[in-house]
Structure formats: structure tokens, C-alpha cells
Amino acid sequence: MIRLDKLLGHSGYGTRREIKSLCRRGDVTVNGIVVKDGAYKVDTAKDCVAVGCEAVEYEEFYYLMLHKPAGVVSAAADSRFETVLGLLPPRYGAARVFPVGRLDKDTTGLLLMTNDGTWAHNVISPKKNVPKAYFAEVDGTVPPDAAARFAAGIVLPDGCRCLPAAMRQTGDRSLRIVVREGKFHQIKRMCKAVGLTVTALHRHSIGALVLDEALAPGEFRELTVTERDLPLISE
């Protein structure tokens, strides 16, 4: 059971004041009956709620795949830059969707978003050992021992040792890198430790969940029920 005004707010029908006004005007019905009290309790499994002629499709949790473009920050709000939440319709903000982990402002690719905290924790927790695969464009000559150094665990200049990672050269200036943690600017710092400068970085996958090629930068879609379980599968 959930309050009617909370259900409508979660579903993106406005602020508390706007929803209160909707109810008072008689624009909201439950099972075809006008309900003017926002505190009215609704059974989300049985009751049919409508605003005007539009049925309200209530979902407690959302699970989204976003193709993050460059120049957008992985945050719900930021005073200076556009955020990934700003790329979504207002109903997701009303439902308090947030990024699962983060990508640097200039990094592109797969970003998951949800309002399910438990699911998000399972995806990003180091204990879950979920691999994240990236494609990196670099400046510099790739050392012949770079892959071995990544596999052994790169030690960063501040003394921090990264977990073992997989690195494979895919071109003269391109790499595929798989990490199982998410330290600050980790891939850029790991590459710098072997004499390389990352000029472009793109996240391709999280576990077995691969970025949908049909999504252009800035576009998103909801995950299927099957896809929700894929991020926990290790590579």
C-alpha cells in the first residue's frame, strides 16, 4: 500500500503542491472513482489509478542503461555542468533515480542508473568482483610488459596498489582494459604509470551487460528483467 500523492509524485506527475491541486480538481481517479484526498492508500498490485484519461503506470524501481556522452557529469545534480539525470525524462528524477557508480566527465559509454540501492550496491561493490571493460585511446608507445604489469596489479604513484586487471592492445594507440574496482581516475592513472596518456575512454560493458549499440550518445532505455541479473556475472 502507498499514499496516492506519493505514487503520483514517484511517477512524475508534479510537485506535492501540483499533485494536491490535481486531486482537489477531481482529476485523479482510483478504480474509476474520483479521489480528492492525497493521503488515500492505494494497493499498487490491484488498484487502477488515472490522471484524467491517462492510466498511471507505477513502478517502484527503475533500471536504466544510458549511453553517457562526453561533457556530462555522473551525478543527480551539479551547479556547473549538465548531469546524466538531466538526460532523462522528469519522472525518473521524481523517482530518485541515480547513477550506479560514475564515469569521468570526458568518459563515454555504458552507465547504469536505478533507484534500487540494493541492486546498485551489488553492481559496484568490490566484493562482487564485477568486471568493467573499457576501450582506451592513448598517446605514447605501449611497453611490451604493460599487460603483465596490469595483470600483476599496477602500483600508482601515491602507493596505492590496484587489483589485477586485464589489458590487451587492440591497435597502435588503442587498448581494451578490464578492471574490477573503481578508484578515482583509475584507468587514466594506471596507463600513466606505464608511460601512456589516455586521450579517450569508453566503457563497453559491466559484467555480461554490454552497451546497446542502438543507443546514440545521450540516449537510454530500460533494462529487461533478464538484463538486471547480468551485471553480477563475472567475465
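Here the structure is a predicted model, which is why all the values come from computation and not from measurement.

**Comments concerning the sheet that holds strand 5 (residues 49-51)**
- In space, the four strands of this open sheet follow the order 3-2-5-6, with antiparallel pairing throughout. Strands with a single pairing partner mark the edges of an open sheet, and in this sheet they are strand 3 (33-34) and strand 6 (54-55).
- Direction of pairing for strand 2 (residues 28-30) relative to strand 5: antiparallel, over a ladder of three bridges. Looking at strand 5, one finds that Thr29 is bridged to Ala50.

**Examining the UniProt feature "domain: RNA-binding S4" (unreviewed entry) in the protein chain**
- Here, the residues flagged by UniProt with the feature "domain: RNA-binding S4" (unreviewed entry) are residues 2-60.
- Annotated as 27% helix and 24% strand, the span residues 2-60 places its first and last C-alpha atoms 10 Å apart.

**Thoughts on the pattern of salt bridges**
- Overall, the coordinates contain 10 salt bridges when judged by the stated rule.
- A salt bridge links Asp212 to Arg221, with the shortest nitrogen-to-oxygen separation between them at 2.7 Å.
- Residue classification places Arg221 among the partly exposed residues on the basis of a relative accessible area of 23%.
- Between Glu227 and Arg221 there is a salt bridge, with its nearest N and O atoms 2.8 Å apart.
- Linked through salt bridges whose partners overlap, the residues forming this network are Arg102, Asp104, Asp106 and Lys188.

**Some details on the domain arrangement of the protein chain**
- In terms of domain boundaries, the protein chain breaks down into domain 1 (2-55), domain 2 (63-126 + 213-229) and domain 3 (131-206).
- Here domain 2 and domain 3 have C-alpha centroids that lie 23 Å from each other.
- Every contact between the two is made by 15 residues of domain 2 and, on the other side, 12 residues of domain 3.
- Between domain 2 and domain 3, roughly 970 Å² of surface is buried when both sides are summed, and carbon and sulfur atoms account for 47% of that area.
- Counting across the domain 2 and domain 3 interface gives two salt bridges.
- Across the domain 2-domain 3 interface, the total number found is seven residue pairs in polar contact (both at pLDDT 80 or more).
- Mapped onto the side of domain 2 that touches domain 3, the elements with two or more residues apiece are strand 9 (108-114) and helix 4 (117-124).
- No other element matches strand 9, which puts five residues into the side of domain 2 that touches domain 3.
- Here the residues of the side of domain 2 that touches domain 3 are counted per class, giving eight nonpolar, four polar and three charged.

**A few points about the pairing of strand 11 (residues 166-171)**
- Bridge count for strand 11 against strand 12 (residues 174-179) is five bridges, and the pairing is antiparallel. When the sheet's bridge partners are listed, Ala166 is paired in strand 12 with Val178.
- Turn length for the strand 11-strand 12 hairpin, with the two strands adjacent in sequence and antiparallel, is two residues.

**Focus on a positive patch on the surface**
- A surface patch of like charges, here positive, comprises Arg16, Arg17, Lys20 and Arg24.
- Note that Arg16 resides in helix 2 (residues 16-24).
- Residue classification places Arg16 among the exposed positions, given a relative accessible area of 76%.

**Quick look at the state of the cysteines**
- Evaluated as defined, the whole model comprises zero disulfides.
- Between Cys53, a free cysteine, and Cys48, which holds the nearest cysteine sulfur, the sulfur-to-sulfur gap is 12 Å.
- For Cys53, a relative accessible area of 88% translates into the label exposed.
- In this structure Cys162 is a free cysteine whose sulfur lies 5.4 Å from that of Cys160, the closest cysteine sulfur available.

**Observations regarding the pairing of strand 7 (residues 63-68)**
- Across the six residues of strand 7, six count as buried, placing the element largely inside the fold.
- On strand 7, burial covers both faces: Tyr63, Met65 and His67 on one face and Leu64, Leu66 and Lys68 on the other are all buried.

**Quick look at helix 2**
- Listed as buried for helix 2 are Ile19, Leu22 and Cys23. Along the axis of helix 2, the buried positions cluster into a sector of 95°, meaning they face one direction only. Along helix 2, exposed side chains directed more than 90 degrees from the buried face belong to Arg17 and Arg24.
- With its phi angle positive at about 85°, Gly26 sits one or two positions after the end of helix 2.

Calculation notes
Residues numbered from 1 in each chain as written. Predicted model: local features only at pLDDT ≥ 70, side-chain atom pairs only at ≥ 80, totals over all residues. Heavy atoms only, no water. Pairing = 2+ DSSP bridges. Helix = DSSP H or I, 4+ residues; strand = E, 2+ residues; numbered from the N terminus. UniProt positions renumbered as here; feature names shortened; annotations may be inferred. Salt bridge = Lys/Arg side-chain N within 4 Å of Asp/Glu carboxyl O. Buried < 20%, exposed > 50% of the residue type's maximum accessible area, 1.4 Å probe, protein only. Domains from an automatic or database assignment. Contact = heavy atoms within 4.5 Å. Buried area = accessible area lost by both parts, 1.4 Å probe. Polar contact = N/O pair within 3.5 Å; in protein donor to acceptor, adjacent residues only side chain to side chain. Nonpolar A, V, L, I, M, F, W, Y, C, P; charged D, E, K, R; others polar. Patch = residues over 30% accessible without salt bridge, like charges linked within 9 Å, V, L, I, M, F, W, Y side chains within 5 Å. Areas by Shrake-Rupley, 256 points an atom, 1.4 Å probe, with all protein chains shown as cover. Lys, Arg positive; Asp, Glu negative; His and termini not counted. Charge placed at Lys NZ, Arg CZ, Asp CG, Glu CD. Disulfide = S-S within 2.5 Å. Arc of directions from axis to C-beta.

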